[in-house]
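Below are the chains, spelled out letter by letter.
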Amino acid sequence: MLPFVDLTRQTTHEGDALREAIGRVLASGRFVLGPELEAFEAEFAAFTGQRHCVGLSSGAAALALSLRAVGVAPGDEVIVPAFTAVPSAAAICSIGALPVFVDVLPETATMDPDAARRAMTEKTRAVMPVHLYGRPSDVPALGVPVVEDAAQAHGAVTGSRSAAVAYSFYPTKNLGGVGDGGAVVTDDDAVASELRLLRSHGFESPDDCIRIAMNARMSELEAAVLRLRLGGLQAANAKRRSIAARYREGSAHLRWQDPHPDHVYHLCVARVDDRDAFRATLGVATDVHYSKAVPEQPAYRSFSGEPCVVSEAWARECVSLPCHPFMSDLEIDEVAGALAATAR
Ligand SMILES: Cc1ncc(COP(=O)(O)O)c(C=O)c1O
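The name that an unreviewed UniProt entry assigns to the chain is Aminotransferase, DegT/DnrJ/EryC1/StrS family, with the source organism given as uncultured Acidimicrobiales bacterium. What UniProt records for the chain under Sequence similarities (unreviewed entry) is the sentence "Belongs to the DegT/DnrJ/EryC1 family."

(A) Focus on the sheet that holds strand S3 (residues 98-102). Overall, parallel pairing links the three strands, which are arranged S3-S2-S4 in an open sheet. The sheet terminates laterally at S3 and strand S4 (124-127), the two strands that pair on one side only. Ignoring strand direction, the axes of neighbouring strands in this sheet form an average angle of 35°. Note: strand S2 (residues 77-81) against S4, three bridges, orientation parallel. Along S4, the bridge assignment pairs Glu 77 with Thr 124. In the packing of helix H4 (residues 86-94) onto the sheet, contacts are made with S2 and S3, and the angle to S3 comes to roughly 150°.

(B) View of the sheet that holds strand S11 (residues 268-271). If you walk across this open sheet you meet the three strands as S10-S11-S12, and the pairing is antiparallel. If you trace the sheet from one side to the other, it starts and ends with strand S10 (255-256) and strand S12 (318-321), each paired once.

(C) Focus on the packing of aromatic side chains. Scanning all chains against the criterion turns up ten aromatic pairs. Where Phe 40 meets Phe 44, the ring centres are 5.5 Å apart and the plane angle is 20°; that geometry is what we call stacked. In this pair, Phe 40 and Phe 44 are both assigned in helix H2 (residues 35-48), four residues apart and thus about one turn of the helix distant. Across this residue pair, the class does not change: Phe 40 and Phe 44 are buried. Seen from their ring centres, Phe 83 and Trp 314 are 6.1 Å apart, and the 25° between their planes marks the pair as stacked.

Scoring rules and cut-offs
- Residues numbered from 1 in each chain as written.
- Predicted model: local features only at pLDDT ≥ 70, side-chain atom pairs only at ≥ 80, totals over all residues.
- Heavy atoms only, no water.
- UniProt positions renumbered as here; feature names shortened; annotations may be inferred.
- Pairing = 2+ DSSP bridges.
- Helix = DSSP H or I, 4+ residues; strand = E, 2+ residues; numbered from the N terminus.
- Axes fitted to C-alpha atoms, helices over the stretch in contact; angles between N-to-C directions.
- Contact = heavy atoms within 4.5 Å.
- Phe/Tyr/Trp six-rings, centres within 6.5 Å; stacked < 30°, edge-to-face > 60°.
- Buried < 20%, exposed > 50% of the residue type's maximum accessible area, 1.4 Å probe, protein only.

Have a look at this one:
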């Protein structure tokens, strides 16, 4: 069956260039906080049009440390969409803050700005819009710092609209590494220097530890591989867009996120009434992102507040289709044909 994703195609395609990048790090003897990370940070900051990039160990760390860096403290409330990956909410809880779930818009699967406005209380200290599937979310101006979850949206959001933008470089992401990784981009000098403290046990200098923190550093190996792949990111995003356009044009009977010119299709997701039947008949590998809204998850039920019926409907009906830059034309034809056939 046609696979949902196959990362060996990327490593095979990269071949000697990948081996050279990894070999360079091995030969250097520097494995953390070295020249590859410094170079990647400069290159990714330039790519996103922001002044600073701080490389980190994961997207989860990027979100959690961004929240700390913008001043969120234990007991503070952070507004987050109910329909997102669990780590968006987990990052809030990991620093002792409280997720306040708000619904998403039916057309976009991203945060409903009016719902976010209604959820504001005197304890709200930040808001976390999520660019779900790679489609840019509205960034509501609510008078509190914004931390954007761009884990799925490399290349979809550029320039400064918020205090911090958090990325994941998990291997399947649009910009993915050969292990875990993450980064925050920001124009705010204070946020960037706070993040540099927080990622490395809180040390300001070799003798002075001024924050209680932990290790959230990116490895040199990860940075070297991300530098190699950053050069191809725009073209890879263009390929994802063209695949999604093909599916959408050929299958107008399915429901899709409203189009957006900057959508980078980390995931190409259709909504269907009977997901199990649809997946069983399609004949190509599919996946589900995500089968529950976060407040429906057992670990997060105690945080559920206002009903989030649109989020729950997305969770019941979403199905992710194969959409990655190493798909062949034949494979794209096969998926497009299988989708079109579901109209009959
Ligand atoms: C929307 C979203 N936020 C946060 C994360 C967390 O990223 P990581 O897996 O790198 O910790 C992910 C990735 O799974 C994600 O998709």
